[in-house]
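What the coordinates show
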Amino acid sequence: MKVALHGLALKAELFSDVQSLFQELTKHQFEIFATEQFDRQLRMHGNKALNYWMLESREDMAAMDFVISIGGDGTLLDAVTLVGDLEVPILGLNTGRLGFLATVAKEKIADAITDLATENYQLESRTLISLQSHRKLFNGLNFGLNEFTIHKRDTSSMITVHTYIDGKYLNSYWADGLIVSTPTGSTGYSLSCGGPLISPEAKNLVITPVSPHNLNVRPIIVSDESEISFEIEGRAEKFLISLDSRSTSISSEVKLSVKKEKFSAKLVKLPHYNFFDTLRQKLNWGFDMRN
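Residues numbered from 1 in each chain as written. Predicted model: local features only at pLDDT ≥ 70, side-chain atom pairs only at ≥ 80, totals over all residues. Heavy atoms only, no water.

If you look the protein up in an unreviewed UniProt entry, it shows as NAD kinase from Algoriphagus locisalis. If you open the UniProt record of the protein and go to Cofactor (unreviewed entry), you find "a divalent metal cation". The UniProt entry for the protein carries the following comment under Function (unreviewed entry): "Involved in the regulation of the intracellular balance of NAD and NADP, and is a key enzyme in the biosynthesis of NADP. Catalyzes specifically the phosphorylation on 2'-hydroxyl of the adenosine moiety of NAD to yield NADP." (UniProt positions renumbered as here; feature names shortened; annotations may be inferred.)

1. Details of the layout of surface pockets
If you add up the space inside the largest pocket, you get close to 500 Å³. The wall of the largest pocket is formed by 19 residues, among which Thr-103, Lys-108, Pro-271, His-272 and Tyr-273 lie closest to the centre. Secondary structure elements with two or more residues in the lining of the largest pocket: strand 6 (104-105), helix 5 (109-117) and helix 7 (275-283). Element by element, the count of residues in the lining of the largest pocket is highest for helix 7, at four residues. By residue class, the composition of the lining of the largest pocket is seven nonpolar, seven polar and five charged. Reported here for the second largest pocket is a volume of approximately 250 Å³. Together, 14 residues line the second largest pocket, and Gly-71, Gly-72, Thr-95, Gly-96 and Arg-97 are the ones closest to its centre. When residues of the lining of the second largest pocket are traced back to their parent elements, those giving at least two are strand 4 (66-71) and helix 4 (73-83). Its residues assigned to classes, the lining of the second largest pocket shows five nonpolar, six polar and three charged. (1 Å grid on protein atoms, 1.4 Å probe; cavity = no way out; pocket = protein on both sides within 12 Å on 5 of 7 lines; lining within 4 Å. Points joined across faces, edges and corners; volume = space filled by probe spheres on them. Helix = DSSP H or I, 4+ residues; strand = E, 2+ residues; numbered from the N terminus. Nonpolar A, V, L, I, M, F, W, Y, C, P; charged D, E, K, R; others polar.)

2. A closer look at empty space enclosed by the protein
As enumerated under the stated definition, the model contains three cavities of 30 Å³ or more in all. Estimates place the volume of the largest cavity at around 100 Å³. Forming the walls of the largest cavity are 13 residues, and the residues nearest its centre are Leu-101, Thr-103, Leu-267, Val-268 and Tyr-273. Those elements that place two or more of their residues in the lining of the largest cavity are strand 5 (90-94), strand 7 (122-133) and strand 18 (256-269). Along the walls of the second largest cavity sit Leu-21, Ile-68, Leu-91, Leu-93, Val-104, Ile-109, Ala-112 and Ile-113, which together make up its complete lining. Where the lining of the second largest cavity is concerned, the elements lending two or more residues are strand 5 and helix 5. Examining the composition of the lining of the second largest cavity, we find that three residues originate from one element, helix 5, more than from any other. Here the lining of the second largest cavity is composed, by residue class, of eight nonpolar, no polar and no charged.

3. Remarks on the sheet that holds strand 17 (residues 246-251)
Spatial ordering of the open sheet is given by 14-13-12-9-16-17, a layout of six strands whose pairing is antiparallel. Looking at the sheet topology across the chains shown, the edges are occupied by strand 14 (220-223) and strand 17. Mean inter-strand twist for the sheet, computed between neighbouring axes without regard to direction, equals 20°. Of the pairings in the sheet, the one linking strand 9 (residues 147-152) to strand 16 (residues 238-243) comprises five bridges and is antiparallel in character. From the neighbouring strand, Phe-148 faces strand 16, where its bridge partner is Leu-243. (Pairing = 2+ DSSP bridges. Axes fitted to C-alpha atoms, helices over the stretch in contact; angles between N-to-C directions.)

4. Quick word on the nonpolar core
One finds Leu-5, Leu-21, Phe-22, Leu-25, Phe-38, Leu-42 and Ile-68 to be the most contacted residues of the largest nonpolar core, which totals 28 residues. Of all the elements in the fold, those that place two or more residues in this core are strand 1 (2-6), helix 1 (15-27), strand 2 (31-34), helix 2 (36-44), strand 4, strand 5 and helix 5. It is helix 1 that provides the largest number of residues to this core, a total of five residues. Once residues lying within four places of it in the same chain are set aside, the contact partners of Leu-42 are Leu-10, Phe-15, Val-18, Phe-22, Asn-47, Leu-50 and Tyr-52. (Core = buried A, V, L, I, M, F, W, Y, C linked by side-chain atoms within 4.5 Å. Buried < 20%, exposed > 50% of the residue type's maximum accessible area, 1.4 Å probe, protein only. Contact = heavy atoms within 4.5 Å.)

Structure, rendered in structure tokens:
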């Protein structure tokens, strides 16, 4: 089997864990490839002993059986953009802090690779959100796993986001911004702005205002078969939009809408993983000293 390794920032103290990963992959006769970004990180740390092939083209990525993301949740989100509509299964090895999406602890590397080699895993299809516009944005990578966000550009006054569901008027949000989140993204930025938790298999999107200036405005959950469109007003000429961790500045005349992407992200689910366990362990969900 072929596996691609992807990482954006490799700390020196983690190099021994990467060596262990290579040893386990070699032991199970995986053919190892590295993305350009991860190859750069290995070279920065003076790698001379690890053997791998370079991932040089889209065709190379299509031939992979797995992608292993080495880092935190941000690295896994970046891996999703690299895979795109090829839907190569992604496993997140957590060397970051929270690790809500990158669920494999570095202490469990050997077990995780054994599970991959013996096909002792399941695949979760995670909904992606797609941005539609008459202008090319994000270099054509117009999809994200977590959320699409409209935000004021600086510390200026609030913006107004007129929002429509399938062409029908929903609401005008007077706020610092607006988030449209997938179920996966419901545990991220949307949650910190008061949005609800949504289980990954739900067929929904959630619209969450950022610091709304109306006390009676609340997040709303809509079907992921809906198309959500926007008109933006504000005193500033420019606004920020983002897909996950990627951001760009636009003007108010740019037409924007979002809907569910046609393809999905395939995340590797190893034995003993449970979404609700992760909620409790990573986010202290339901934590109470009396329990």
